[in-house]
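# Observations on the model geometry
So the chains spell out like this:
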Amino acid sequence: QVQLVESGGGLVQAGESLRLSCAASGSIFSINAMGWYRQNPGKERELVATITSAGSVNYADSVKGRFTISRDNAKNTVYLQMNSLKPEDTAVYYCNMNLKPRGYWKSYDYWGQGTQVTVSS
């Protein structure tokens, strides 16, 4: 019954900003890690940013210094603040969480539905 719902995508001009949100709902015991990935048609899905339960973060080189991943543990929500957007950032962005559902023995990966980010030049 765990579900991840994304929001915040849209069409912006180069240099502008967007903030993506991804909220997990359902019976969740703990979240081990959260992350954002992106994908264009015909290309492999790539890591954008991750944040662990301990708060450590990791970014793709292409977004380092421009994007910031954060979380709100009380809301089971992960955010991606995207500044100085470039046309090459255009992609479908997917959130991911590795979490343990309440009552389960192990953790699993869950994915959001994807949200389109389009950056015009």
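Use the structure listed above.
Residues numbered from 1 in each chain as written. Predicted model: local features only at pLDDT ≥ 70, side-chain atom pairs only at ≥ 80, totals over all residues. Heavy atoms only, no water.

## As for the pattern of salt bridges
Side chains that differ in charge, positive against negative, can pair when their charged atoms come close. Short version of the rule: Between Lys or Arg on one side and Asp or Glu on the other, a salt bridge is scored when a side-chain nitrogen of the former is within 4 Å of a carboxyl oxygen of the latter. Under the DSSP-based scheme used, a helix requires at least four consecutive residues in state H or I and a strand at least two consecutive residues in state E, with every element numbered from the N terminus. Each residue's exposure class comes from its accessible area (1.4 Å probe, protein chains only) as a fraction of the maximum for that residue type: buried when under 20%, exposed when over 50%, partly exposed otherwise.
Under the defined criterion, the tally for this structure stands at four salt bridges. Arg-38 is the salt-bridge partner of Asp-89, the closest N and O atoms lying 3.0 Å from each other. Of this pair, Asp-89 sits in the loop between strand 8 (77–82) and strand 9 (91–101) while Arg-38 is found in strand 4 (residues 28–39), placing the two residues 51 residues apart along the sequence. Grouping residues by exposure puts Asp-89 and Arg-38 together as buried. Residues Asp-89 and Arg-66 are paired through a salt bridge, measuring 2.8 Å at the closest nitrogen-oxygen approach. Here Asp-89 is found in the loop between strand 8 and strand 9, whereas its partner Arg-66 is found in the loop between strand 6 (57–59) and strand 7 (67–72), with 23 residues between them in sequence. A cluster of three or more residues bridged by salt bridges with shared partners is formed by Arg-38, Glu-46, Arg-66 and Asp-89.

## Observations concerning the pairing of strand 8
Here is the rule we go by: Pairing between two strands requires that DSSP report at least two bridges joining them.
When you tally the buried positions in strand 8, you get five out of six residues, the bulk of the element. Note that strand 3 (residues 18–25) and strand 8 share six bridges and pair antiparallel. Residue pairing for strand 8: Ser-21 is matched across the bridge by Tyr-79. Relative to strand 8, strand 7 runs antiparallel, the two being bridged by six bridges. Bridge pairing in strand 8 links Thr-68 to Gln-81. Joining the antiparallel neighbours strand 7 and strand 8 is a turn of four residues, in which Asn-76 adopts a positive phi near 50 degrees.

## Here's the deal with the sheet that holds strand 3
Where we set the bar: What counts as an axis is a line fitted to C-alpha atoms, over the stretch in contact for a helix, and the angles between N-to-C directions run from 0 to 180 degrees.
With antiparallel pairing, the four strands of this open sheet are ordered in space as 1-3-8-7. Only two strands of the sheet have a single partner each, and these edge strands are strand 1 (3–7) and strand 7. Strand-to-strand twist of the sheet, defined as the mean angle between neighbouring strand axes without regard to direction, takes the value 15 degrees. Examined bridge by bridge, strand 1 and strand 3 share five bridges and lie antiparallel to one another. Bridging from a neighbouring strand, Gln-3 pairs with Ser-25 of strand 3.

## A short note on the state of the cysteines
We count it as follows: Any cysteine sulfur atom paired with another within 2.5 Å is treated as part of a disulfide.
One pass over the structure, following the stated rule, counts one disulfide. Two residues share a disulfide in this structure: Cys-22 and Cys-95, whose sulfurs sit 1.9 Å from each other. Negative torsions about the S-S bond denote left-handed disulfides, and the value of about 45 degrees found for Cys-22 with Cys-95 makes this one right-handed. Pair noted here: Cys-22 is in strand 3 and Cys-95 is in strand 9, with a separation of 73 residues, a long-range link. Each of the two residues, Cys-22 as well as Cys-95, counts as buried.

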